[in-house]
Amino acid sequence: MLAARLYGAKDLRIEEMPEPEPGPGEVKIRVAFAGICGTDVHEYFEAPRATHEPNPLTGATLPQTLGHEFAGTVVGCGAGVDRVAPGARVCVRPIRTCGVCPRCTSGLSHLCSALAAIGVTSPGGGLAQYVVVPAGAVHRLPDGLSLEQGALVEPMAVGLNAVERAQVSRGGSALVTGAGAVGMGALFALRAHGVDDVLVVEPSPSRRAAAARHGARVLDPVTADVVGEVARHTRGRGVDVAIECSGRQDALNAAISSLAAQAPVVIVALYSGPVTIDASVVRLAELALLGCEAYPDGVFERVIQYMAAGHYPTDGWLEHIPLTDTVAGLHDVRDGRRVKVLVDVPAVGV
């Protein structure tokens with residue numbers, strides 16, 4: 001089968017590899033669509049988290065098949081699997097946890113100290129014609145949801161977790177910095193929670209257009225005074241929550257300075273290194289800085305429910321590329337030329 005295999009920074013190869021078969025408790029999926037996200041960009045352009053030493057939890061080593069956002073059809077089940085059967089259309093919650101560390105045993109398994117992820121630090125990955133995953137990782141897609149939408153559940157879960165962390169009230173206001181896939185997911189989640197007054201800060205014209213198409217008031221940080229515009233829009237009060245999805249220090253500081261008193265900023269972006277903030281602004285307004293990592297149990301299910309209710313439209317922000325164009329897609333996502341890229345994984349023999 002064909003797979004996109006990462007050998008090291010900027011070394012991704014589309015190559016043939018043996019087709020996997022499911023063992024006990026595992027499910028084999030024929031992948032239809034796989035997303036490219038910010039994590040994949042960091043893995044490719046900076047340094048993969050998988051190394052030549054086996055991952056302590058999963059045993060994964062380089063080369064690593066990329067792809068942790070994907071959906072497809074079950075084509076085989078190992079012994080003991082009764083969760084799904086061949087023919088089921090599914091998406092996959094890719095995180096792998098140890099189950100025994102203090103975070104896992106206290107109900108915070110998504111913050112596992114040994115956290116791994118399919119397509120990052122666990123064998124297999126969605127940028128392949130077939131993948132084998134633990135049966136517990138699969139989620140059925142209800143009738144009416146496409147496999148294309150199924151491949152979006154994972155990044156939308158990140159955005160929904162950020163909004164749920166913020167606990168913003170219906171009818172409130174929000175600022176989202178960065179209109180990539182997770183930023184769009186945060187926008188959709190906010191609107192699903194009854195927050196219609198959403199300002200989105202994004203330098204890319206195409207991403208601003210996508211956010212505006214779906215009801216956001218957009219600001220270009222290159223030409224606009226973001227903090228001043230937010231103050232004018234909120235009559236000096238500030239927004240009820242800010243969700244930082246860009247990974248930029250200037251965006252984080254603008255978000256902090258745009259908040260109402262005692263409001264939270266939820267940090268969901270990946271950063272390439274340490275950032276500096278003005279702690280006095282945080283102290284004087286009694287602001288809350290909240291981290292947001294992946295998603296706890298239940299978030300995948302809620303995304304699927306919201307999706308089925310029509311809260312995650314795909315028009316105007318989703319584009320498709322073939323598997324052979326994966327590297328070009330990584331460049332496009334990094335450079336902000338596209339909002340969300342889905343890789344169409346070809347059927348075997350095509």
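A. Structural detail: helix H8 (residues 249-257). If you check which residues of H8 are buried, you get Ala251, Leu252, Ala254, Ala255 and Ile256. Buried residues along H8 sit in contact with strand E11 (173-177), helix H7 (226-233), strand E14 (241-244), strand E15 (264-267), helix H9 (279-284) and strand E16 (288-291).

B. Layout of the sheet that holds strand E2 (residues 11-16). Pairing in this open sheet of three strands is antiparallel, and the strands run E2-E1-E4 from one edge to the other. Looking at the sheet topology across the chains shown, the edges are occupied by E2 and strand E4 (64-65). Pairing between strand E1 (residues 2-8) and E2: six bridges, direction antiparallel. Bridged to arginine 5 within E2 is arginine 13.

C. Molecular detail of the packing of helix H4 (residues 153-166) against helix H5 (residues 181-192). Orientation of H4 relative to H5, taken along the N-to-C sense of each, is 55 degrees, at an axis distance of 7 Å. The pairing of H4 with H5 is recorded here as oblique in orientation. For the crossing formed where H4 meets H5, the hand is right-handed. Where H4 abuts H5, its residues Pro155, Met156, Val158, Gly159, Leu160 and Val163 lie against Ala181, Val182, Gly185, Ala186, Phe188, Ala189 and Leu190. Looking at the contact of H4 with H5 residue by residue, the classes come out as 11 nonpolar, two polar and no charged.

D. Just the pattern of salt bridges, in detail. Scanning the model with the defined rule gives 18 salt bridges in all. Among the ionic pairs, lysine 28 bridges to glutamate 19, the shortest N-O distance being 2.5 Å. According to the relative accessible area criterion, glutamate 19 is partly exposed, its value standing at 36%. Among the ionic contacts, a cluster of salt bridges with common partners joins Glu319, Asp332, Arg334, Asp335, Arg337 and Arg338.

E. Region of interest: the side chain of lysine 28. Considering the arrangement of structural elements, one finds lysine 28 in strand E3 (residues 26-36). Within the structure, the side chain of lysine 28 is placed 3.4 Å from the backbone oxygen of proline 20, a separation counted as a polar contact.

F. Local environment of a nonpolar patch on the surface. The grouping of Val275, Ile277 and Leu289 at the surface amounts to a nonpolar patch, some 200 Å² of accessible area in total. With respect to the secondary-structure elements, isoleucine 277 resides in the loop between E15 and H9. Its relative accessible area of 30% is what places isoleucine 277 among the partly exposed residues.

G. Quick peek at the sheet that holds E16. In space, the six strands of this open sheet follow the order E13-E12-E11-E14-E15-E16, with parallel pairing throughout. The open sheet has two edge strands, strand E13 (217-219) and E16, and neither has a second partner. Strand after strand, the sheet turns through a mean of 20 degrees between neighbouring axes, direction not considered. Where strand E12 (residues 197-201) lies against E13, three bridges are found, and the strand directions are parallel. Across the sheet, residue leucine 199 finds its bridge partner in E13, namely arginine 217. On the sheet, H4 packs against E14, E15 and E16 and is oriented at approximately 155 degrees with respect to E15. Across the sheet, H7 lies against E11, E12 and E13, angled at about 155 degrees from E13, the strand it touches most.

H. Highlighting the pairing of E15. Pairing analysis gives three bridges linking E14 to E15, with the strands arranged parallel. Each residue of the ladder has a partner; that of glutamate 244, found in E15, is isoleucine 267. Where E15 and E16 come together, four bridges link them in parallel fashion. Paired with valine 266 across the bridge in E16 is leucine 290. Following the chain from E15 across H9 to the adjacent parallel E16, one finds a crossover that is right-handed.

I. Region of interest: the environment of glycine 159. Tracing the backbone shows glycine 159 in helix H4. For glycine 159, a relative accessible area of 0% corresponds to the buried category. Sequence separation of glycine 159 and valine 182 is 23 residues, and the distance between their C-alpha atoms is 5.2 Å. Beyond its immediate chain neighbours, meaning those up to four positions away, glycine 159 contacts Val182, Gly185, Ala186 and Ala189.

J. View of the packing of aromatic side chains. Taken as a whole, this structure holds four aromatic pairs when the rule is applied. Taken together, a centroid distance of 4.8 Å and an interplanar angle of 85 degrees make the contact between tyrosine 44 and phenylalanine 45 edge-to-face. The exposure class of phenylalanine 45 is buried, given its relative accessible area of 14%. Both rings, one in phenylalanine 188 and one in tryptophan 317, keep their centres 5.7 Å apart while their planes meet at 55 degrees; by these two values the pair is tilted. With phenylalanine 188 in helix H5 and tryptophan 317 in the loop between helix H10 (299-308) and strand E17 (318-322), this residue pair connects regions lying 129 residues apart in the sequence. Summarising the burial analysis for this pair, phenylalanine 188 and tryptophan 317 share the class buried. The ring centre of tyrosine 7 lies 3.7 Å from the NZ or CZ of arginine 13, which sits over that ring.

Analysis parameters
- Residues numbered from 1 in each chain as written.
- Predicted model: local features only at pLDDT ≥ 70, side-chain atom pairs only at ≥ 80, totals over all residues.
- Heavy atoms only, no water.
- Buried < 20%, exposed > 50% of the residue type's maximum accessible area, 1.4 Å probe, protein only.
- Helix = DSSP H or I, 4+ residues; strand = E, 2+ residues; numbered from the N terminus.
- Contact = heavy atoms within 4.5 Å.
- Pairing = 2+ DSSP bridges.
- Axes fitted to C-alpha atoms, helices over the stretch in contact; angles between N-to-C directions.
- Parallel < 35°, antiparallel > 145°, perpendicular 65-115°, else oblique.
- Left-handed = near helix turned anticlockwise from the far one by under 90°.
- Nonpolar A, V, L, I, M, F, W, Y, C, P; charged D, E, K, R; others polar.
- Salt bridge = Lys/Arg side-chain N within 4 Å of Asp/Glu carboxyl O.
- Polar contact = N/O pair within 3.5 Å; in protein donor to acceptor, adjacent residues only side chain to side chain.
- Patch = residues over 30% accessible without salt bridge, like charges linked within 9 Å, V, L, I, M, F, W, Y side chains within 5 Å.
- Areas by Shrake-Rupley, 256 points an atom, 1.4 Å probe, with all protein chains shown as cover.
- Right-handed = clockwise from strand over helix to strand, strands pointing away.
- Phe/Tyr/Trp six-rings, centres within 6.5 Å; stacked < 30°, edge-to-face > 60°.
- Lys NZ or Arg CZ within 6 Å of the ring centre and 35° of its normal.

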